[in-house]
There are 2 protein chains.
Amino acid sequence: MTDIDATDCRILAILQRDSSVSMEELSEQVNLSRNACWRRVKNMEAAGVIRGHAAILDAEKLGCGLAALVFIRAANHDPDWLEKFRRAVATIPHVVEAYRMSGDLDYMLKVQVADMRAYDRFYQKLIRTVPLADVSASFVMEEIKENRGLPLEPV
Amino acid sequence: MTDIDATDCRILAILQRDSSVSMEELSEQVNLSRNACWRRVKNMEAAGVIRGHAAILDAEKLGCGLAALVFIRAANHDPDWLEKFRRAVATIPHVVEAYRMSGDLDYMLKVQVADMRAYDRFYQKLIRTVPLADVSASFVMEEIKENRGLPLEPV
DNA sequence: CGTGAAACAGACCGACC
DNA sequence: GGTCGGTCTGTTTCACG
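Everything quoted here is computed from the prediction, not taken from an experiment. (Residues numbered from 1 in each chain as written. Chains lettered and ligands numbered in written order. Predicted model: local features only at pLDDT ≥ 70, side-chain atom pairs only at ≥ 80, totals over all residues. Heavy atoms only, no water.)

Here we come to the overall build of chain A. Scanning chain A for helices and strands turns up five helices and five strands. Secondary structure elements of chain A occur, N-terminal to C-terminal, as α-α-α-β-β-α-β-β-α-β. At 20 Å, chain A has a C-alpha radius of gyration far larger than the 15 Å of a compact globule built from 155 residues. Structurally, chain A occupies a C-alpha span of about 55 × 35 × 25 Å along its principal axes. Split into buried and exposed, the 155 residues of chain A put 48% on the buried side. In chain A, 64% of the contacts between residues at least 6 apart in sequence involve partners at least 24 apart. For chain A, the accessible area works out to roughly 8000 Å², and carbon and sulfur atoms hold 47% of it. Computing the positive centroid from 20 side-chain charges and the negative centroid from 23, chain A places the two 4 Å apart. (Helix = DSSP H or I, 4+ residues; strand = E, 2+ residues; numbered from the N terminus. Rg over C-alpha atoms; globule rule 2.2 N^0.38 Å. Buried < 20%, exposed > 50% of the residue type's maximum accessible area, 1.4 Å probe, protein only. Contact = heavy atoms within 4.5 Å. Areas by Shrake-Rupley, 256 points an atom, 1.4 Å probe, with all protein chains shown as cover. Lys, Arg positive; Asp, Glu negative; His and termini not counted. Charge placed at Lys NZ, Arg CZ, Asp CG, Glu CD.)

Okay, structure coming up:
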């Protein structure tokens, strides 16, 4: 596997912000020839460093402008419950992200819905599907920093 | 502004998962001619429904495989503090997302770092920069559902 | 909205220094 | 890594039904 140098990082930083740039522009910005730049990009795609490309959509304009963080404590920890929980999370499209966490909260979901009413519908649906010991939600009032991708500066 | 119909939604669903598809493939998948499909995409880009394109990178391979959620209560709520906090959040690249929340937690950050030691460095840096009343972190043990984009169907 | 066709840009990929 | 130059796919616009 190729290891990532500073130039690769610059390429990645650009691409994770805007992958619609042409090779021409990209190579100029990192001071490489078009071909050298292209080879680096291809290498990183092959290595899986670049996993893919996605269109970034506007939540507001698509009618799901309310984001909620849902903190969950499991009712029990048997594999059967876990399986059901996972399935629910995978199935419901409004669950945008789901994490199993350390500490005393078991799971956190990020949920994207139209409004409070929609959230409540989601909530009812969730607890109908999976028994949950403790659920609490907090709503996103303001996005201070939106996902700009991974930190690529050497720490 | 164009309103989004079911076909548009199908286009968006495909693009937010993989925007590297060609117009040819995309149009086939939604049963439109290449041209008609292209017009829809351009319209949605112009309308800002499609905000851009991004490369999806592999956190593990880029040495920031540890994600933490940081829950913060502000030391005080004067505008001066807020300004400082915002600046810190915007500046530190390891803060991947930041939200002002409802309820009794004020802010939540998602932080992406190499490991625990790196997290501690981040933490020290943060509290050195901004006074914080209460900070607690929880670490992502497992990503159950990774960001697959917005839900494109009603609840 | 569909078709076809034409013009063009840019990706892609060899060979070579 | 740079350069050259080629092919070829895909985008972008036509005009028209």
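More follows now that the structure is in view.
Moving on: the pairing of strand E2 (residues 66-74) of chain A. Residue and element names in this part refer to chain A. E2 sits mainly inside the fold: eight of its nine residues count as buried. Summarising the sheet, E2 and strand E4 (residues 107-113) pair through seven bridges and their orientation is antiparallel. Counted as the bridge partner of Ile-72 is Tyr-107 from E4. Bridging between E2 and strand E5 (residues 132-145) involves seven bridges; their strand directions are antiparallel. Bridging from a neighbouring strand, Leu-69 pairs with Ser-138 of E5. (Pairing = 2+ DSSP bridges.)

Within the closed barrel, the eight strands sit side by side as E2(A)-E4(A)-E3(A)-E5(B)-E2(B)-E4(B)-E3(B)-E5(A). Their pairing is antiparallel. Going across the sheet, the axis of each strand differs from the next one's by a mean of 35 degrees, ignoring polarity. Here helix H4 (residues 79-91) of chain A sits on the sheet in contact with E2, strand E3 (95-101), E4 and E5 of chain A together with strand E5 (132-145) of chain B, set at roughly 95 degrees to E5(B). Packing against the sheet, helix H4 (residues 79-91) of chain B makes contact with E5 of chain A together with strand E2 (66-74), strand E3 (95-101), strand E4 (107-113) and E5 of chain B, and its axis sits at approximately 95 degrees to E5(A). (Axes fitted to C-alpha atoms, helices over the stretch in contact; angles between N-to-C directions.)

Let's shift gears to the pattern of salt bridges. Residue and element names in this part refer to chain A. Per the stated rule, a full pass over the model turns up 24 salt bridges over all chains. The closest approach of N and O atoms between Arg-34 and Glu-24, which form a salt bridge, is 3.2 Å. Separated by ten residues along the polypeptide, Arg-34 in helix H3 (residues 34-47) and Glu-24 in helix H2 (residues 23-29) bring together distant segments of the chain. By relative accessible area, Glu-24 is classed as partly exposed at 39%. (Salt bridge = Lys/Arg side-chain N within 4 Å of Asp/Glu carboxyl O.)

Turning our eyes to something else, we now look at the interface of chain A and chain B. Contacts between the two partners involve 68 residues from chain A, matched on the other side by 66 residues from chain B. Counting each side, the surface lost to burial between chain A and chain B is near 6300 Å², with a carbon and sulfur contribution of 61%. Contact with chain B buries surface across chain A, with Leu57(A), Ile144(A) and Lys145(A) losing the most and accounting together for 12% of the total. The interface formed by chain A and chain B contains eight salt bridges. Lys110(A) is the partner of Glu97(B) in a salt bridge, and the nearest nitrogen-oxygen pair spans 3.9 Å. At the surface where chain A touches chain B, the tally comes to 41 residue pairs in polar contact (both at pLDDT 80 or more). Contributions of two or more residues to the side of chain A that touches chain B are made by helix H1 (6-17), strand E1 (50-57), E2, H4, E3, E4, helix H5 (116-129) and E5 of chain A. As defined by bridge partners, E5(A) adjoins E3(B) across four bridges and the pair is classed as antiparallel. Within the sheet, the bridge partner assigned to Val140(A) lies in E3(B) and is Met101(B). (Buried area = accessible area lost by both parts, 1.4 Å probe. Polar contact = N/O pair within 3.5 Å; in protein donor to acceptor, adjacent residues only side chain to side chain.)

Moving on, we get to the protein's contact with DNA strand D. Neighbouring DNA strand D are Leu32(A), Ser33(A), Asn35(A), Ala36(A), Arg39(A), Arg40(A), Ser22(B), Met23(B), Arg34(B), Asn35(B), Trp38(B) and Lys42(B). Sugar and phosphate atoms represent 68% of those atoms of DNA strand D found within 4 Å of the protein. Measuring from a base nitrogen of DNA strand D, one finds a side-chain N or O atom of Asn35(A) at 2.8 Å. For the surface near DNA strand D, the elements supplying multiple residues, two or more each, are H3 of chain A together with helix H3 (34-46) of chain B. Among the residues making up the surface near DNA strand D, the classes are represented as four nonpolar, four polar and four charged. (Near = heavy atom within 4 Å. Nonpolar A, V, L, I, M, F, W, Y, C, P; charged D, E, K, R; others polar.)

Screw-axis analysis of chain A against chain B gives a translation of 0.0 Å along the axis, an RMSD of 0.1 Å, and a rotation angle of 180 degrees. Taken together, the rotation and translation describe the operation of a two-fold axis. Using C-alpha coordinates, one finds that chain A approaches the rotation axis most closely at Ala54(A), a distance of 2.8 Å. The residues that chain A uses at the interface reappear at the interface of chain B in 96% of cases, marking a shared surface. (Least-squares fit on C-alpha atoms with pLDDT ≥ 70 in both.)

A few words now on the domain arrangement of chain A. When the domains of chain A are assigned, the result is domain 1 (6-46) and domain 2 (66-139). Of note, the centres of domain 1 of chain A and domain 2 of chain A, computed from C-alpha atoms alone, are 38 Å apart. (Domains from an automatic or database assignment.)

What follows covers the side chain of Ser19(B). As for its position among the elements, Ser19(B) is in the loop between helix H1 (6-17) and helix H2 (23-29). By relative accessible area, which is 15% here, Ser19(B) ends up buried. With residues near it in sequence (within four places) discarded, Ser19(B) still touches His53(A), Ala54(A), Ala55(A) and His53(B).

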